[in-house]
Amino acid sequence: ISASARGSLRMKSPLFSATGLFCYSEFSLSSGRSHFFVDAAQIKKVFHGVSATVEGMALASYMAEIAMELSPTPAEGEADAQLRLLLNCLYLIGERRYPWRQLKAVYELRALSKAGYMPDLRMCAGCGKYEGGEFYLDAVGGLLLCADCAERQRHIPNLDAGALYAMRHIFWTVEDKKVFGFKISPESLKDLSRVSEQYTLANLEHGLKTLDFLKTVLE
Ligand SMILES: [Zn+2]
């Protein structure tokens with residue numbers, strides 16, 4: 001739901017703090033003729049750590065844009081799961097315990113899976129191979145191919161063993177809490193990051209403004 005908070009940019013406004021960027025607040029809304037207005041707002045959590053770094057701000061903006069794209073409309077149902085995931089990620093951005101790209105990939109893939117997008121990561125779609133060597137994930141079709149089958153179809157593998165392991169972990173772990181805690185080498189993280197971004201863009205079917213900016217600040 002989008003709503004305007006009139007006067008909220010003035011520091012003396014009672015809405016000023018609770019309508020700040022990356023503030024988790026509870027809102028009382030009233031509906032006008034064409035859209036909603038914020039009548040009152042109460043802060044529940046401020047993610048101070050997010051604004052401490054440019055990378056954190058850029059990543060949080062990107063996550064928020066994806067959340068807007070993927071969250072169900074009020075008519076489609078509750079968005080609790082998407083909200084919880086976003087709040088967890090905003091918290092972890094502030095904590096700086098994980099590399100930016102790891103948080104980015106976890107958010108992208110979890111948000112997509114909660115919205116019903118799930119690639120078939122069980123085995124190579126050509127020969128049934130489960131693991132060993134590099135694999136290729138077709139971001140558009142959501143299918144996995146082992147290196148041999150990929151070569152036969154003229155695709156270049158895009159996931160090394162560590163990246164495939166991490167991707168399965170992110171999609172298959174049931175509990176949100178446990179999804180962040182995996183170790184990954186910088187090389188595998190590069191693969192994971194690239195492919196999860198491709199998979200995200202392929203499913204959203206368009207680019208994201210915040211991603212262009214994020215790419216300028218992440219090395
Ligand atoms: Zn194969």
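Residues numbered from 1 in each chain as written. Predicted model: local features only at pLDDT ≥ 70, side-chain atom pairs only at ≥ 80, totals over all residues. Heavy atoms only, no water.

**Student:** Explain the sheet that holds strand S3 (residues 36–46) to me, using residue names and the numbers behind them.
**Tutor:** Strand order in the open sheet formed by three strands is S1-S3-S2, with mixed pairing between adjacent strands. The sheet is open, and its two edges are formed by strand S1 (3–4) and strand S2 (23–31), each paired on a single side. Sheet topology note: the S1/S3 ladder contains two bridges and is parallel. Considered in S3, the bridge of Ser4 is made with Phe37. (Pairing = 2+ DSSP bridges. Helix = DSSP H or I, 4+ residues; strand = E, 2+ residues; numbered from the N terminus.)

**Student:** Describe the coordination of the zinc ion, and please don't skip the residues or the numbers.
**Tutor:** The zinc ion binds to the protein through Cys124 (SG), Cys127 (SG), Cys146 (SG) and Cys149 (SG); the donor distances cover 2.3 Å. Of note is the zinc ion, whose four donor atoms meet at the metal with angles of 103 to 116 degrees in an arrangement that counts as tetrahedral. (Donors = N, O, S within 2.8 Å, 3.2 Å for Na, K, Ca; no water. Tetrahedral: all angles 85-135°; square planar, octahedral: opposite > 155°, others 65-115°.)

**Student:** Account for the pattern of salt bridges, with residues named and values stated.
**Tutor:** Counted by the stated rule, this structure contains eleven salt bridges. In this structure, Glu197 and Lys215 form a salt bridge, with 2.8 Å as the shortest nitrogen-oxygen distance. Placement of Glu197 in helix H6 (residues 186–204) and of Lys215 in helix H7 (residues 209–217) is noted, with a sequence separation of 18 residues between them. Take Glu197: its relative accessible area is 11%, and that puts it in the buried class. Taken together, the shared-partner salt bridges in this structure form one network comprising Lys104, Glu108, Glu197 and Lys215. (Salt bridge = Lys/Arg side-chain N within 4 Å of Asp/Glu carboxyl O. Buried < 20%, exposed > 50% of the residue type's maximum accessible area, 1.4 Å probe, protein only.)

**Student:** Explain the packing of aromatic side chains to me, using residue names and the numbers behind them.
**Tutor:** The final tally for this structure, using the stated rule, is two aromatic pairs. Aromatic pair Phe171 and Tyr199: ring centres 6.2 Å apart, planes at 90 degrees, arrangement edge-to-face. With Phe171 in helix H5 (residues 161–172) and Tyr199 in helix H6, this residue pair connects regions lying 28 residues apart in the sequence. Overall, Phe171 belongs to the buried group, its relative accessible area being 4%. The ring of Phe37 is capped by Arg6, whose NZ or CZ atom sits 4.1 Å from the centre of that ring. (Phe/Tyr/Trp six-rings, centres within 6.5 Å; stacked < 30°, edge-to-face > 60°. Lys NZ or Arg CZ within 6 Å of the ring centre and 35° of its normal.)

**Student:** I'd like a description of a nonpolar patch on the surface, backed by residues and values.
**Tutor:** Side chains of Ile1, Phe27, Leu29 and Phe36 sit close together on the surface and give an oily, nonpolar patch of about 390 Å² of accessible area. Examined against the element boundaries, Phe27 turns out to sit in strand S2. Accessibility expressed as a relative area gives 40% for Phe27, which makes it partly exposed. (Patch = residues over 30% accessible without salt bridge, like charges linked within 9 Å, V, L, I, M, F, W, Y side chains within 5 Å. Areas by Shrake-Rupley, 256 points an atom, 1.4 Å probe, with all protein chains shown as cover.)

**Student:** Would you mind going over the environment of Leu218 in detail, with residue names and values included?
**Tutor:** Locating Leu218 in the fold gives a position in the segment after H7. When the C-alpha atoms of Leu218 and Arg101 are compared, they prove to be 8.2 Å apart, with 117 residues separating the residues in sequence. When neighbours within four sequence positions are excluded, Leu218 is seen to be in contact with Glu55, Trp100, Arg101 and Lys104. (Contact = heavy atoms within 4.5 Å.)

**Student:** How would you summarise the layout of surface pockets if you had to cite specific residues and measurements?
**Tutor:** Looking at the largest pocket, its volume works out to about 1700 Å³. If you trace the largest pocket, you find 36 residues lining it, with Ile1, Phe27, Met68, Leu83 and Leu86 closest to the centre. Going through the elements one at a time, S2, S3, helix H1 (54–70) and helix H2 (80–95) are the ones with two or more residues in the lining of the largest pocket. The class makeup of the residues in the lining of the largest pocket is 23 nonpolar, nine polar and four charged. Here the lining of the largest pocket spans two domains, and each of domain 1 (1–46) and domain 2 (47–217) adds at least three residues to it. (1 Å grid on protein atoms, 1.4 Å probe; cavity = no way out; pocket = protein on both sides within 12 Å on 5 of 7 lines; lining within 4 Å. Points joined across faces, edges and corners; volume = space filled by probe spheres on them. Nonpolar A, V, L, I, M, F, W, Y, C, P; charged D, E, K, R; others polar. Domains from an automatic or database assignment.)

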